[in-house]
Amino acid sequence: MKFQIEGESHRSGRIEVVCGSMFSGKTEELIRRMKRAKFAKQKVEIFKPAIDTRYSDNDVVSHDQNAIPSTPVETSSSILLLTSDIDVVGIDEAQFLDMGLIEVCNELANRGVRVIVAGLDMDFRGVPFGPMPGLCAIADDVTKVHAICVRCGNLAYVSHRLVHNDKQVLLGEKMEYEPLCRDCYQKCLEQESQEAESQKE
């Protein structure tokens, strides 16, 4: 009898999305699934946006410093060129890639590849981020993970930006962002609005 790790035997292609706020364990979960696939003797390849150099230029690294080698890419189309004869494809920080990633993931899954995508589902304003909403829509499975709100201890809803910068893409860590629940986030927005009004006076 041939032993197979549950859930890791080769099956038809599929798309799995792991999404949530910052500090919720998205990358940790991506690394866990990729390592299980490697343990099951599958051919795996992991990609990340070239702009994400926070911990490493090449490795995908979680906030807890778990790491796995990866290939940085500038565009989603590069992933198709680098995934021949691969069983499982992992993509980290997918929100930073272009909208073409949706079709790339679909094509890979239709080829029989298992695609695991991790990324922020919303930006710091609470707005759906990049290709993530579309990926959630076409995914076979979506896992929403949660950080803990640093102000009240409830499940976090969004990544609140602590620095004044309106760019949607701003790489950062705990000095730049904090996970907040919906209620604490709304209170922060009200406070920031009041402070902005008082500065005008």
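Chemist: Give me the lowdown on the overall build of the chain, citing residues and values where you can.
Modeler: When helices and strands are tallied, the chain shows five helices and ten strands. Here the chain, with 201 residues, has 45% of them falling under the buried criterion. Sequence-distant contacts, at least 24 apart, represent 70% of the contacts inside the chain between residues at least 6 apart. Summed over all atoms, the accessible surface of the chain reaches about 10,700 Å², with 50% contributed by carbon and sulfur.

Chemist: Describe the pattern of salt bridges, and please don't skip the residues or the numbers.
Modeler: Side-chain pairing between opposite charges can occur once the charged atoms of the two side chains come close. Enumeration over the complete set of coordinates arrives at ten salt bridges. Residue D121 is joined to K144 by a salt bridge in which the shortest nitrogen-to-oxygen separation is 2.5 Å. One end of the pair, D121, is in the loop between strand 7 (114-120) and helix 4 (132-138); the other, K144, is in strand 8 (residues 141-145), and 23 residues separate them in sequence. The partner of R151 in a salt bridge is E178, with the nearest N and O atoms 2.6 Å apart. Of this pair, R151 sits in the loop between strand 8 and strand 9 (158-161) while E178 sits in strand 10 (residues 177-180); the two residues are 27 residues apart in sequence, bridging distant segments of the chain. Its relative accessible area of 45% is what places R151 among the partly exposed residues.

Chemist: Residues and numbers for the packing of aromatic side chains, please.
Modeler: Under the defined criterion, the tally for this structure stands at two aromatic pairs. Ring centres of F96 and F129 lie 6.0 Å apart, and the angle between their planes is 85°; on these two criteria the pair is classed as edge-to-face. Of this pair, F96 sits in the loop between strand 6 (88-91) and helix 3 (101-110) while F129 sits in the loop between strand 7 and helix 4, and the two are 33 residues apart along the sequence. When its relative accessible area of 18% is taken as the criterion, F96 is described as buried.

Chemist: Before we move on, can you summarise the sheet that holds strand 1 (residues 14-20) with the specific residues and values?
Modeler: Across the sheet, which stays open at both edges, the six strands sit in the order 5-2-6-7-1-8 with parallel pairing between neighbours. Both edges of this open sheet fall to strand 5 (71-73) and strand 8, since each of them pairs with a single strand only. The average angle at which neighbouring strand axes cross in this sheet is 20°, direction not considered. When strand 2 (residues 44-49) meets strand 5, the two strands line up parallel, connected through three bridges. By the bridge assignment for strand 5, F47 is matched with T71.

Chemist: Before we move on, could you go through helix 3 and cite the residues and values that matter?
Modeler: Buried within helix 3 we find L101, I102, V104, C105, L108 and A109. The buried side chains of helix 3 occupy one side of the element, clustering within an arc of 165° when seen end-on. Looking at helix 3, the residues exposed on the side facing more than 90 degrees away from the buried face are E103 and N110. Where helix 3 is buried, its residues contact strand 1, helix 2 (77-81), strand 6, strand 7 and helix 4. Following helix 3 by one or two positions, G112 adopts a phi angle in the positive range, close to 100°.

Chemist: Could you give an account of the environment of S76, with specific residues and numbers?
Modeler: Its place among the elements puts S76 in the loop between strand 5 and helix 2. Sequence separation between S76 and I102 is 26 residues, and the spatial gap between their C-alpha atoms is 8.8 Å. The residues contacting S76, other than those within four sequence positions of it, are L97, D98, G100, L101 and V104.

Chemist: Account for the environment of I148, with residues named and values stated.
Modeler: Residue position: I148 is located in the loop between strand 8 and strand 9. Residues I148 and E178, 30 residues apart in the sequence, show an inter-C-alpha distance of 9.5 Å.

Here is what the cut-offs are and how they apply
- Residues numbered from 1 in each chain as written.
- Predicted model: local features only at pLDDT ≥ 70, side-chain atom pairs only at ≥ 80, totals over all residues.
- Heavy atoms only, no water.
- Helix = DSSP H or I, 4+ residues; strand = E, 2+ residues; numbered from the N terminus.
- Buried < 20%, exposed > 50% of the residue type's maximum accessible area, 1.4 Å probe, protein only.
- Contact = heavy atoms within 4.5 Å.
- Areas by Shrake-Rupley, 256 points an atom, 1.4 Å probe, with all protein chains shown as cover.
- Salt bridge = Lys/Arg side-chain N within 4 Å of Asp/Glu carboxyl O.
- Phe/Tyr/Trp six-rings, centres within 6.5 Å; stacked < 30°, edge-to-face > 60°.
- Pairing = 2+ DSSP bridges.
- Axes fitted to C-alpha atoms, helices over the stretch in contact; angles between N-to-C directions.
- Arc of directions from axis to C-beta.

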